[in-house]
Amino acid sequence: MRPNFFLLCICFYALLSSGTSSGDDRRWLVSLVDLVEFDYQDQCDQRATAAWEELLGSTKGLSMKLERDKAFGIFARKQKTDVESAFTAHALSADDDTLRRRVKLLLQPGDALLDTQQWIRLVTFADNALNRIRTSTDYDCGANTTCSLRELHNSLAREQDEQVLRQMKLSWESHLPELHDYLENILPLLRNASKENHYELVEEYWDALCEYEGALLAARELWQRVRPLYLKLHKYTALKLRGPSAVGEPLPIHLLHSLTGDDWSNLIEKLLPKHPDIYQKVHANLQLKDIGGLKAFKEANNVLSQLNLGELPPEIFLESAFNGTCPTTVVDWCQPNKVRFVTCKDVSIQNYMDAHEAAMKIRYKLITALHSNNTYILREAPRYSAIYEAVPGFVSLLSLNPHTLDRAGLYPLERFNYNTNHHRLVLQLIIALRDLPKLNYYIAADTWRLDVLMGKIPYAKIEDSWRDFRKNFSLIETSNVDIVGDPYILLNKPYIGKFLGLILKYQIYQSFAEELISDDSDLVKHVAENNQRLIDVMMQGFVATWPEMVSDLLAKRENGLEYTGITDYFRLLDEYLDNQLDPASDNMVEDYVDPPVEPEPQENDISEKSDTPIEPNNEQDKTHDDIHENIIETDDDTNSKYETSTVGVLEIKNPVGVGDQNEIENPKEASYNVYWWIGVAVALAVIVILVAIIARKRRSHKKQVERQRRQNTRA
């Protein structure tokens, strides 16, 4: 298959025959590891091709994917045996860190070391279940209509009738695999995988896959610090959806307009505070410009260019598919620039943010692949890196930075400066609805699985335990079966890496924001000028464990994971939620200054972007400025409707309190008020002058009439 295969075999034979010195042992080990990694790359290519065909709905796609996935387990066990037989204690010197790292990753490839029949059982169960969920077209979308998964997501986001929402959720659950089958035959495989990788406990095994000692313990401690903010958001949501009596009580999952409860973004219009101008305009402009699918990814490509991280090659866009389902699925062939993705073309704020995150993940892979030391296993190691999750997540936050929104033509920076803190509050609410439920779901899913495996839940109650666990841990009422609609659950993957990555992305944001001279400075520009620490960690790939790189990534401000990044980021939201939930509070929002009304753009003013690679956009695009067309009245009532718009980003450094805006007057507000009073004064002066002129003319006219009357009398 490769022209140098037989040459390598001859080289290995010569080395094997040359003696048993430590130098020869090392050369033999290096040659074998190189060859094994070449074979892994072949496997990656074949599995990616099969996965791509299955994602596109090819008739033979599922069978191809099953065949390649089954073969991979057999392959991984064989390669592990070969490397193990060549590895000896004296084959590595004390400074052979990179080779030692490669050997360790090849000897412990994770679940692929399962017994062949057990591996086949795992991938067959997961591949069949995920294929059925993705390709079914008979979901209940209400109004006696059936639909695809993508249409189900869209209907779930828009539907307001509680009974219809419940039916949609039940129709999705009817396409899931059997919970009993999962609990009896799939989840227990984690115990076997742990032992094959030389770990006694599943928790230790997951810690090793995450490469963070005590990862789950650290996650639980971090969650306890973030949990109060989650509970406030939950109470506020319950207050808005069901009134004061529901505060503190579990919420039915279908009311969250979510299938698994890990993202509450679809609730935003019911939870917005008064004056959601930034949400309204951004949302309206996204819809008006149809920024979904390809256009959303091109906007993301613009942001990558503005960050000086490089753009995605045009061929990636040309070969990807935009008629699938969201969130985005990335397929990597483990070759330079050969990455594709499947996503949807639907327009929404969460899809806009997801496009930026997915684009950065692809760019991450491309940067890692260019590094000279990164052999296959150091690029594609079967590990769950928090940095790989955090850096793309950080870029998704920057996608809603005020300066980014301004450059994208979604919300003018001048308008943002009229009510800075209020706009930041709205943006924080949008982001919190996306991220806080994810944190809760990630740790809930891992903790529940460990409780089942460790026997903490009586056997007779296991099948009913997920519902009870979610109710107590998350304050969400759900079914027992929706847990098996999650790809990570079906494939026995831990969520701990994603949880820690979500925490870390706010620390990255904070590390850059604290370097700004002013809160109003351009954070994206600052990151672009100081992005080397981001590039360095991406270049290293899996050469080192990710915890070793955290200090450099955070500019040596912190050496590990801290909760303060996320709690500081949501400071304004935290204060707002306290105010809304306090019965003694009048729930008044700080003084809000209406920005000047801007002219409505003509239809031909909205420029359509071409399908060619995007150049950085230095000119502000036309925006949807007629807010009144989009506003649905907002008030303090629980059942009031809200308008549409988008998300923004908080600058962390020295935030001004919500109630302090009266004390710090915005220069634009001052100038606006001066002009208004000048206009009033001029108008009054004009009126007075006109009245005087009219009165004078009337007096002159009366005198002339009187004079003519006298003359007529004399005559």
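As the structure is a computational prediction, the values presented were derived from the model and not from experiment.

The next subject is the overall build of the protein chain. Assigned secondary structure in the protein chain consists of 30 helices and six strands. Pairs at least 24 residues apart make up 76% of the contacts formed inside the protein chain by residues separated by at least 6 positions.

A few words on unusual backbone geometry. Here Cys326 and Pro327 are connected by a cis peptide whose omega angle stands at 5°. Even without glycine at this site, Glu211 takes up a positive phi of about 60°. Positionally, Glu211 belongs in the loop between α10 (202–210) and α11 (215–242). With a relative accessible area of 14%, Glu211 lands in the buried category.

Another aspect to go through is the packing of helix α18 (residues 386–398) against helix α24 (residues 496–513). Relative orientation of the contacting elements α18 and α24 amounts to 50°, with a least axis distance of 7 Å. As far as their axial angle goes, α24 and α18 are oblique. Here α18 and α24 pass one another in a crossing that is right-handed. The segment α18 lies against α24, with Ala386, Ile387, Glu389, Ala390, Val391, Gly393, Phe394, Ser396, Leu397 and Leu398 engaging Gly497, Lys498, Leu500, Gly501, Leu504, Lys505, Tyr506, Ile508, Tyr509 and Phe512. Split by residue class, the contact of α18 with α24 holds 13 nonpolar, four polar and three charged.

On to the state of the cysteines. One way to say it: the disulfide is the covalent bond shared by the sulfur atoms of two cysteines. Applying the stated rule across the entire model yields three disulfides. Covalent S-S linkage joins Cys44 and Cys334, the inter-sulfur distance amounting to 1.8 Å. Disulfide Cys44 to Cys334: torsion about the S-S bond roughly 75°, handedness right-handed. You can see Cys44 sitting in helix α2 (residues 22–55) and its partner Cys334 sitting in the loop between β4 (329–332) and β5 (339–342), a full 290 residues away along the chain.

Following the sequence through the fold, Asp482 ends up in the loop between β6 (476–477) and α23 (487–490). At a separation of 2.9 Å, a polar atom in the side chain of Asp482 contacts the side chain of Trp466. Ignoring anything within four residues of it in the chain, the contact list for Asp482 reads Lys169, Trp172, Glu173, Leu176, Ile253, Leu259, Thr260 and Trp466.

Relative to the elements of secondary structure, Asp486 occurs in the loop between β6 and α23. We note that Asp486 is buried and unpaired, the nearest opposite charge coming from Arg449 at a distance of 7.2 Å. In terms of polar contacts, Asp486 uses its side chain to reach the side chain of Tyr441, at 2.6 Å. The residues touching Asp486, leaving out its near neighbours within four places in the chain, are Tyr441 and Tyr495.

Our next topic: the confidence of the model for the protein chain. Parts of the model with low pLDDT should not have their predicted coordinates read in detail. For the protein chain, per-residue confidence averages 86 on the pLDDT scale, and 82% of positions sit at 70 or higher. The low-confidence segment residues 1–7 (pLDDT under 50) makes six contacts with residues lying over four places distant or belonging to another chain.

A grouping of Glu178, Asp181, Glu184, Glu463, Asp464 and Asp468 is seen on the molecular surface, where their side chains present a negatively charged patch. Inspection of the secondary structure puts Asp181 in helix α8 (residues 179–186). Note on Asp181: relative accessible area 30%, which makes it partly exposed.

Evaluated as defined, the whole model comprises 31 aromatic pairs. Taken together, a centroid distance of 4.2 Å and an interplanar angle of 20° make the contact between Phe297 and Phe341 stacked. Taken as a pair, Phe297 in helix α14 (residues 294–306) and Phe341 in strand β5 lie far apart in primary sequence, 44 residues in all. Residue class for Phe297 comes out buried when judged on its relative accessible area of 2%.

This part takes up the pairing of β5. The alternating pattern of β5 places Val339 and Phe341 and Arg340 and Val342 on opposite faces, both of which are buried. Relative to β5, β4 runs antiparallel, the two being bridged by four bridges. When the sheet's bridge partners are listed, Val331 is paired in β5 with Arg340. Taking the residues between adjacent antiparallel strands as the criterion, β4 and β5 are bridged by six residues, where Cys334 takes a positive phi near 60°.

Take a nonpolar patch on the surface next. Among the surface-exposed residues, Ile678, Val682, Val686, Leu690 and Ile694 lie close enough to one another that they form a single nonpolar patch of about 450 Å² accessible area. As for its position among the elements, Leu690 is in helix α30 (residues 667–714).

Time to look at the nonpolar core. In terms of nonpolar packing, the biggest core is built from 186 residues, with Phe499, Leu500, Ile508 and Trp546 touching the most fellow members. In terms of residue count, helix α21 (residues 420–453) provides more of this core than any other element does, 19 residues in total. In this structure Phe499 touches Ala219, Leu222, Trp223, Leu439, Tyr442 and Ile443, once residues within four positions along its chain are discounted. Core analysis: the second largest hydrophobic core is formed by seven residues, Ala48, Leu55, Val331 and Val342 among them.

This brings us to the environment of Ala129. Within the element layout of this structure, Ala129 appears in helix α5 (residues 116–135). A relative accessible area of 8% places Ala129 in the buried class. Along the backbone, Ala129 and Leu490 are 361 residues apart, and their C-alpha atoms lie at a distance of 8.1 Å.

Another point: the pattern of salt bridges. Pairs may arise between side chains of opposite charge once their charged atoms sit close together. Using the criterion set out here, one finds 40 salt bridges in the structure. Between Arg77 and Glu196 there is a salt bridge, with the nearest N and O atoms lying 3.9 Å from each other. Here Arg77 is found in helix α3 (residues 61–86), whereas its partner Glu196 is found in helix α9 (residues 189–196), with 119 residues between them in sequence. A salt bridge links Lys361 to Glu389; the shortest N-O distance between them is 3.3 Å.

Turning next to helix α16 (residues 349–370). The terminal C-alpha atoms of α16 lie 32 Å apart, and with 22 residues this matches the ideal 32 Å at 1.5 Å per residue to within 8%. Summarising burial for α16: 18 of the 22 residues are buried, a large majority. Capping the start of α16, Ser348 holds a side-chain oxygen 3.1 Å from the backbone nitrogen of Asn351, two or three residues further along.

Time to look at the packing of α10 against α21. It is at 10 Å that the axes of α10 and α21 come closest, and there the two elements cross at 145°. Facing α10, whose interface residues are Val202, Glu203 and Trp206, α21 presents Asp446, Arg449, Leu450 and Leu453. Looking at the contact of α10 with α21 residue by residue, the class counts come to four nonpolar, no polar and three charged.

Rules used throughout
Residues numbered from 1 in each chain as written. Predicted model: local features only at pLDDT ≥ 70, side-chain atom pairs only at ≥ 80, totals over all residues. Heavy atoms only, no water. Helix = DSSP H or I, 4+ residues; strand = E, 2+ residues; numbered from the N terminus. Contact = heavy atoms within 4.5 Å. Buried < 20%, exposed > 50% of the residue type's maximum accessible area, 1.4 Å probe, protein only. Axes fitted to C-alpha atoms, helices over the stretch in contact; angles between N-to-C directions. Parallel < 35°, antiparallel > 145°, perpendicular 65-115°, else oblique. Left-handed = near helix turned anticlockwise from the far one by under 90°. Nonpolar A, V, L, I, M, F, W, Y, C, P; charged D, E, K, R; others polar. Disulfide = S-S within 2.5 Å. Polar contact = N/O pair within 3.5 Å; in protein donor to acceptor, adjacent residues only side chain to side chain. Lys, Arg positive; Asp, Glu negative; His and termini not counted. Salt bridge = Lys/Arg side-chain N within 4 Å of Asp/Glu carboxyl O. pLDDT = per-residue confidence, 0-100. Patch = residues over 30% accessible without salt bridge, like charges linked within 9 Å, V, L, I, M, F, W, Y side chains within 5 Å. Areas by Shrake-Rupley, 256 points an atom, 1.4 Å probe, with all protein chains shown as cover. Charge placed at Lys NZ, Arg CZ, Asp CG, Glu CD. Phe/Tyr/Trp six-rings, centres within 6.5 Å; stacked < 30°, edge-to-face > 60°. Pairing = 2+ DSSP bridges. Core = buried A, V, L, I, M, F, W, Y, C linked by side-chain atoms within 4.5 Å. Expected span 1.5 Å × (residues − 1).

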